[in-house]
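# A look at the structure
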Amino acid sequence: MNFDYSDKVKELQKRLTEFMEQVVYPNEATYQQQLNEAPNRWTTPPIMEEMKAKARAAGLWNLFLPDSEYGAGLTNLEYAPLCEIMGRSFIAPEVFNCSAPDTGNMEVLVRYGTEEQKKKWLVPLLNGEIRSCFSMTEPHVASSDATNMETRIERDGDEYVINGRKWWSSGAGDPRCKIAIVMGRSNPSAPRHEQHSMILVPLDTPGVKILRHLPVFGYDHAPHGHAEIEFDNVRVPASNIIWGEGKGFAIAQGRLGPGRIHHCMRLIGAAERALELMCKRVKERVTFGKPLAEQGVIQEWIADSRIEIEQARLLTLKAAYMMDKVGNKVARKEIAMIKVVAPNMALRVLDRAIQAFGAAGVSEDFPLAAQWANARTLRLADGPDEVHRAAIAKLELKAHS
Ligand SMILES: Cc1cc2nc3c(=O)[nH]c(=O)nc-3n(C[C@H](O)[C@H](O)[C@H](O)COP(=O)(O)OP(=O)(O)OC[C@H]3O[C@@H](n4cnc5c(N)ncnc54)[C@H](O)[C@@H]3O)c2cc1C
């Protein structure tokens, strides 16, 4: 593997970094202020649409999509350092139309959608005009084993009828969220991994009820949010099924590989920013007669953070490289490994930065506490660590059988 980034990537890194410095970081506080001052937090702060227009005009748009007909045509390896830069700010991925779960949903539509589905849903998503959510997890079953999913998708004439309860559907709080990709059981008597389908459900369909928004450690993540949704006799045209009945797991494998390694890339950016903030802070603050930066323990935190970030970045790049070269299936061990490594690394780095900041670290004046809460969710939201470890161990044991 060549560790050097191509000229194309270096140029995009430079432009993205400049955009972050000139547009994104200076508007982080404005975004929060507009959200806090709005009569209702489930609205889009106007500054977001302003930043999106600028990013699009600058050609920094849909960089995540490897498909060159619709997106930037970058490989996973090329996208990794760019996604890392976006991960430095909570609001940045959306500014560049590169945020979850839209990215994964758009990839599903590019790969498996019909022409009609692409026209109706993919095009407005690519244009950043609407947003989407992905509804797989259910409150009543252990959803880390997706075969447990109970929501029913049943054919009735020219329609499918959907009944069930989902939760943690991220993004469903946003008023611009118009479409859900819902996974449920359509063929209960088929083999275990052919029982489920994915189907497009417009959120304004009668019977779709958003019951509540689930905060994360007290953060509402508005206007995006994580919703509990009831699907009560929801009827959609039969043409809304994606790829075909029983293809849910086949699609999930395509979706969850690349879509979810993006979280790892962003976490590296979040950890980099935390380390940068920590270094600046400990040079400024003086205790017991000398700057914090001169305390051995703080230097150890800084050194360990640098070591761990570099390790995680190299493994992310290796996973991305393998996905490009040998495909997601052969790269599944590397994908699983980085999904364990990245959030745990980010949590350690963020925790050290919080400690070095003192009480300010847990406040909302700096992004550390919110980033820590987010990184902690990714030990679950990206599939629990234990499930990834089980997959790694299985492959390792098989290799030595
Ligand atoms: C912030 C956030 C956003 C999310 N966004 C979405 C979304 O947009 N769409 C969506 O569908 N879902 C989303 N999720 C849900 C997430 O994907 C699930 O929480 C996850 O898959 C785990 O499912 P579960 O919560 O039902 O845990 P369970 O399946 O009940 O598992 C509980 C625990 O059991 C342990 N465990 C499970 N399997 C094993 C094993 N094989 N070996 C050892 N231990 C094991 C793990 O410790 C695990 O945490 C989100 C979650 C969060 C927190």
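Residues numbered from 1 in each chain as written. Predicted model: local features only at pLDDT ≥ 70, side-chain atom pairs only at ≥ 80, totals over all residues. Heavy atoms only, no water.

### Observations concerning the site of the ligand
Keep this limit in mind: In this text, near means that some heavy atom of the residue lies within 4 Å of the molecule or strand in question. Counted as a polar contact is a pair of N or O atoms within 3.5 Å, where, for protein atoms, one must be capable of donating a hydrogen and the other of accepting one, and residues adjacent in sequence contribute only when both atoms are in side chains. A 1.4 Å probe and the Shrake-Rupley method give the accessible areas. Residues count as covered only by the protein chains that appear here. Residue classes follow a fixed rule: Ala, Val, Leu, Ile, Met, Phe, Trp, Tyr, Cys and Pro count as nonpolar, while Asp, Glu, Lys and Arg count as charged, and any other residue, Gly among them, counts as polar. The start and end points of each domain follow an automatic or database-based domain assignment.
The environment of the ligand is formed by 18 residues, the closest being Phe134, Thr137, Ser144, Trp168 and Ser170. A distance of 2.7 Å separates a nitrogen atom of the ligand from a polar atom in the side chain of Thr137. Taking 990 Å² as the accessible area of the ligand by itself, protein coverage stands at 68%. Partitioning the shell around the ligand into residue classes produces ten nonpolar, seven polar and one charged. Both of domain 2 (132–242) and domain 3 (249–399) provide at least three residues apiece to the shell around the ligand.

### Considering helix α6 (residues 115–126)
Put simply, the rule reads: Each residue is placed in one exposure class: buried if its accessible area under a 1.4 Å probe, protein chains only, is under 20% of its type's maximum, exposed if it is over 50%, and partly exposed if it falls in between. Every helix listed is a DSSP run of H or I at least four residues long, and every strand listed is a run of E at least two residues long, numbered separately from the N terminus.
Every buried residue of α6 is accounted for by Gln117, Lys118, Trp121, Leu122, Pro124, Leu125 and Leu126. Within two residues after α6, Gly128 carries a phi angle of roughly 70°, on the positive side.

### Re the domain arrangement of the protein chain
How we decide: Contacts: residue pairs with any heavy atoms within 4.5 Å of one another. Reported buried area values correspond to the accessible surface (1.4 Å probe) lost by two parts on association, with both partners' losses combined. What counts as a salt bridge is simple: a side-chain nitrogen of Lys or Arg found within 4 Å of a carboxyl oxygen of Asp or Glu.
By the assigned domains, the protein chain splits into domain 1 (7–113), domain 2 (132–242) and domain 3 (249–399). At the interface, 18 residues of domain 1 touch 17 residues of domain 2. A combined buried area of about 1,400 Å² lies between domain 1 and domain 2, and 59% of that area is made up of carbon and sulfur atoms. In terms of surface lost to domain 2, no three residues of domain 1 exceed Trp42, Pro101 and Asn105, which account for 45% of the buried area on that side. Linking Asp220 and Arg41 is a salt bridge whose minimum nitrogen-to-oxygen distance equals 2.6 Å. Going through the elements one at a time, α1 (7–37), α2 (46–57) and α5 (102–112) are the ones with two or more residues in the side of domain 1 that touches domain 2.

### Some words on the side chain of Glu84
Mapped onto the fold, Glu84 is located in helix α3 (residues 76–86). A relative accessible area of 13% means that Glu84 is categorised as buried. Among all residues touching Glu84, those that are not within four sequence positions of it are Met265, Arg266, Ile268, Gly269, Glu272 and Arg313.

### Re the UniProt feature "domain: Acyl-CoA oxidase/dehydrogenase middle" (unreviewed entry) in the protein chain
For the record, the criterion: UniProt positions are given in the numbering used here, feature names are shortened, and annotations may be inferred rather than shown by experiment.
Summarizing the sequence annotation, UniProt attributes the feature "domain: Acyl-CoA oxidase/dehydrogenase middle" (unreviewed entry) to residues 133–234 in the numbering used throughout. In this annotation, residues 133–234 is assigned 0% helix and 50% strand; the end-to-end C-alpha distance for the span is 16 Å.

### A look at a positive patch on the surface
The condition that has to hold: Surface patches are defined over residues having more than 30% relative accessible area and no salt bridge, joining like charges when they lie within 9 Å and nonpolar side chains (Val, Leu, Ile, Met, Phe, Trp, Tyr) when within 5 Å. Only four residue types enter the tally: Lys and Arg on the positive side, Asp and Glu on the negative side, with His and both chain ends excluded. Positions of charges follow a simple convention, taking NZ of Lys, CZ of Arg, CG of Asp or CD of Glu.
On the surface, a cluster of positive charge is made up of Lys329, Arg332, Lys394 and Lys398. Tracing the backbone shows Lys394 in helix α11 (residues 385–399).

### Looking at the pattern of salt bridges
Throughout the structure, instances matching the rule amount to 37 salt bridges. The residue Glu154 makes a salt bridge to Arg152 at a minimum N-O spacing of 3.7 Å. Exposure remark for Arg152: the relative accessible area of 27% places this residue in the partly exposed category. The residue Arg176 makes a salt bridge to Asp174 at a minimum N-O spacing of 2.6 Å. On the accessibility criterion, Asp174 (2% relative accessible area) is buried. Put simply, Glu49, Lys52, Glu94, Asp102, Arg131, Asp174 and Arg176 are held in one network by salt bridges that share partners.

### Re the pairing of strand β3 (residues 159–170)
Every regular strand shows the same layout, with side chains that alternate between the two sheet faces. How we decide: For two strands to count as paired, DSSP must find a minimum of two bridges between them.
Inspection of the sheet shows strand β2 (residues 152–156) paired to β3 by five bridges, in the antiparallel sense. Each bridged residue has a counterpart across the sheet, and for Arg152 the counterpart in β3 is Asn163. Counted between consecutive antiparallel strands, the loop separating β2 from β3 contains two residues, among which Gly157 sits at a positive phi close to 65°. As paired strands, β3 and strand β7 (residues 226–237) are joined by nine bridges and run antiparallel to one another. The partner of Ile162 across the bridge, within β7, is Val234.

### Quick notes on the UniProt feature "domain: Acyl-CoA dehydrogenase/oxidase N-terminal" (unreviewed entry) in the protein chain
UniProt's feature table lists "domain: Acyl-CoA dehydrogenase/oxidase N-terminal" (unreviewed entry) at residues 7–129, given in the numbering used throughout. A distance of 32 Å separates the end C-alpha atoms of residues 7–129, which is 66% helix and 0% strand.

### Description of the layout of surface pockets
Rules: Put simply, the grid is 1 Å and covers the protein atoms alone, a cavity is a trapped set of points that fit a 1.4 Å probe, a pocket is an open set with protein on both sides within 12 Å along at least five of seven lines, and lining residues have an atom within 4 Å of a point. Grid points are joined across faces, edges and corners, and a volume is the space filled by probe spheres set on the points.
Taken as a whole, the second largest pocket spans an internal volume of roughly 160 Å³. In terms of lining, the second largest pocket is formed by Met1, Asn2, Phe3, Asp4, Tyr5, Ser6, Val9, Leu77, Glu78, Leu317 and Tyr321. Where the lining of the second largest pocket is concerned, the elements lending two or more residues are α3 and α8 (296–330).

### Examining the packing of helix α9 (residues 332–357) against α11
Filter applied, for reference: Every axis corresponds to a line fitted to the C-alpha atoms, with the helix fit spanning only the stretch in contact, and the corresponding angles, defined between N-to-C directions, vary from 0 to 180 degrees. By convention the crossing between two helices is left-handed if the near helix lies anticlockwise of the far one by an angle smaller than a right angle, and right-handed if it lies clockwise.
Packing of α9 against α11 leaves a shortest axis separation of 9 Å and a crossing angle of 145°. Judged by the twist between their axes, the crossing of α9 over α11 is left-handed. Within the contact between the two elements, α9 uses Arg332, Lys333, Ala336, Met337, Lys339, Val340 and Asn344 and α11 uses Asp385, His388, Arg389, Ile392, Leu395 and Glu396. Tallied by class, residues from the contact of α9 with α11 come to five nonpolar, two polar and six charged.

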